[in-house]
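# Report on the structure
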Amino acid sequence: MAELTQGALARLAFWAKNMTAIKDGGMEWPGFSYSDAEWTRFSALAPAVSDSAYYKYMLVNAVVFIVIAIVGIAGIFLPAAEFLFPVPAETSALKFALLLAGSALLIIGVGLQLSLRAAVAACTNVDMRAQLVQEAGDGDLAAKVDWQINRITLIMCGLLVPGIVIWVTYDINAGPLIAALKWIAIALMAVSIGAGLRKQRQK
């Protein structure tokens, strides 16, 4: 069987705690389905993660990811927008959507994996590690979880992000979630345009 490091096994345990909590609440995440044997393994791993460690894990993951996202927007998206679109008024929605999708793919794809690892490292103690013993199939299950996370990131960036730009362009009303995402996209556009105009004035 594929050997998992202690950190990887701990990540699987935190993910198990997350998924079992969702399942116990009568909910499910589209794109994250598991066999009965995998749910049984999740149920065995989850108790090693205390409620306090789990809540801390969610908080650390959120904070670290937000920091990474801010750095990514300031260090990747804005410089790329200024370089590729020196005249914001002439920027087409398609080009902006492609840049937004590419930046989001990089920020989320890399940032989420980093934030998850940072959260696990910050929230795993000696007692928890002592309770975690790898079993046959854990390596495959961990690889499946990673693939599911990467797959949903690809879908979100490939379909949702360009869709947001379309919704913004044509002012389509698609509910409160999309409305919030529309305002986020509008804010990013405004920041990009403002940075471009500021750069033009400095020339």
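Going by the structure above, here's the rest.
Report follows, based on the coordinates. (Residues numbered from 1 in each chain as written. Predicted model: local features only at pLDDT ≥ 70, side-chain atom pairs only at ≥ 80, totals over all residues. Heavy atoms only, no water.)

## Here we look at the overall build of the chain
A count of helical and extended segments in the chain gives 7 helices and 0 strands. Starting at the N terminus and ending at the C terminus, the chain contains elements arranged as α-α-α-α-α-α-α. Looking at the chain residue by residue over its 203 residues, the buried ones come to 38%. The long-range fraction of contacts in the chain, counting pairs at least 24 apart against all pairs at least 6 apart in sequence, stands at 79%. Looking at the chain as shown, the accessible area adds up to about 11,600 Å², and 67% of this sits on carbon and sulfur atoms. (Helix = DSSP H or I, 4+ residues; strand = E, 2+ residues; numbered from the N terminus. Buried < 20%, exposed > 50% of the residue type's maximum accessible area, 1.4 Å probe, protein only. Contact = heavy atoms within 4.5 Å. Areas by Shrake-Rupley, 256 points an atom, 1.4 Å probe, with all protein chains shown as cover.)

## Observations concerning the nonpolar core
By size, the foremost hydrophobic cluster in this structure holds 33 residues, and its most contacted members are Tyr34 and Phe42. Elements represented by at least two residues in this core include exactly helix 1 (6-24), helix 2 (36-45), helix 3 (51-84), helix 4 (93-123) and helix 6 (138-170). Among residues more than four places away in sequence, those in contact with Tyr34 are Trp15, Met19, Trp39, Phe42, Leu141, Lys144, Val145 and Gln148. With 7 residues, the next largest nonpolar core counts Leu78, Ala81, Phe96 and Leu100 among its residues. (Core = buried A, V, L, I, M, F, W, Y, C linked by side-chain atoms within 4.5 Å.)

## Looking at the packing of helix 1 against helix 2
At a minimum axis separation of 8 Å, helix 1 and helix 2 run at an interaxial angle of 105°. The angle between helix 1 and helix 2 falls in the class roughly perpendicular. In this structure, helix 1 uses Leu9, Leu12, Ala13, Trp15, Ala16, Met19, Thr20 and Lys23 to contact helix 2, whose residues at the interface are Trp39, Phe42, Ser43 and Leu45. Tallied by class, residues from the contact of helix 1 with helix 2 come to 9 nonpolar, 2 polar and 1 charged. (Axes fitted to C-alpha atoms, helices over the stretch in contact; angles between N-to-C directions. Parallel < 35°, antiparallel > 145°, perpendicular 65-115°, else oblique. Nonpolar A, V, L, I, M, F, W, Y, C, P; charged D, E, K, R; others polar.)

## So, the packing of aromatic side chains
For the structure on display, the rule yields 9 aromatic pairs. With centroids separated by 5.8 Å and ring planes inclined at 80°, the aromatic side chains of Trp39 and Phe42 adopt a geometry described as edge-to-face. Residue Trp39 and its partner Phe42 are both found in helix 2; the two are separated by 3 residues, about one turn of the helix. Overall, the relative accessible area of 14% leaves Trp39 in the buried class. Residue classification places Phe42 among the buried positions, given a relative accessible area of 0%. Judged by centre distance (6.3 Å) and plane angle (25°), the ring pair of Tyr54 and Tyr57 falls under stacked. Placement of the pair is Tyr54 and Tyr57 together in helix 3, with a separation of 3 residues, close to one helical turn. Assessed through its relative accessible area of 6%, Tyr57 is described here as buried. Ring pairs connect the aromatic residues Phe14, Tyr54, Tyr55 and Tyr57, which therefore count as one cluster. (Phe/Tyr/Trp six-rings, centres within 6.5 Å; stacked < 30°, edge-to-face > 60°.)

## What to know about the pattern of salt bridges
Within the structure shown, the criterion is met by 4 salt bridges. Across the pair Asp51 and Lys17 runs a salt bridge whose closest N-O atoms are separated by 3.0 Å. Taken together, the residues Asp51 in helix 3 and Lys17 in helix 1 connect sequence positions 34 residues apart. Using a relative accessible area of 46% as the deciding quantity, one classes Asp51 as partly exposed. We note a salt bridge from Asp138 to Arg41, for which the minimum N-O separation is 2.8 Å. With Asp138 in helix 6 and Arg41 in helix 2, the pair connects residues that are 97 residues apart, well separated along the chain. The same class applies to Asp138 as to Arg41, namely buried. Counted as one network, the salt bridges with shared partners bring together Arg41, Glu135 and Asp138. (Salt bridge = Lys/Arg side-chain N within 4 Å of Asp/Glu carboxyl O.)

## Remarks on helix 3
Between the first and last C-alpha of helix 3 there are 47 Å, a value that for 34 residues agrees with the 50 Å anticipated at 1.5 Å per step. Where helix 3 bends most, the angle comes to about 35°, and this point is Ile73. Turning to helix 3, its buried residues number three or more, namely Ala53, Tyr54, Tyr57, Val60, Asn61, Ala69, Gly72, Phe77, Leu78 and Ala81. (Expected span 1.5 Å × (residues − 1). Bend = angle between axes of the 7 residues up to and from the residue.)

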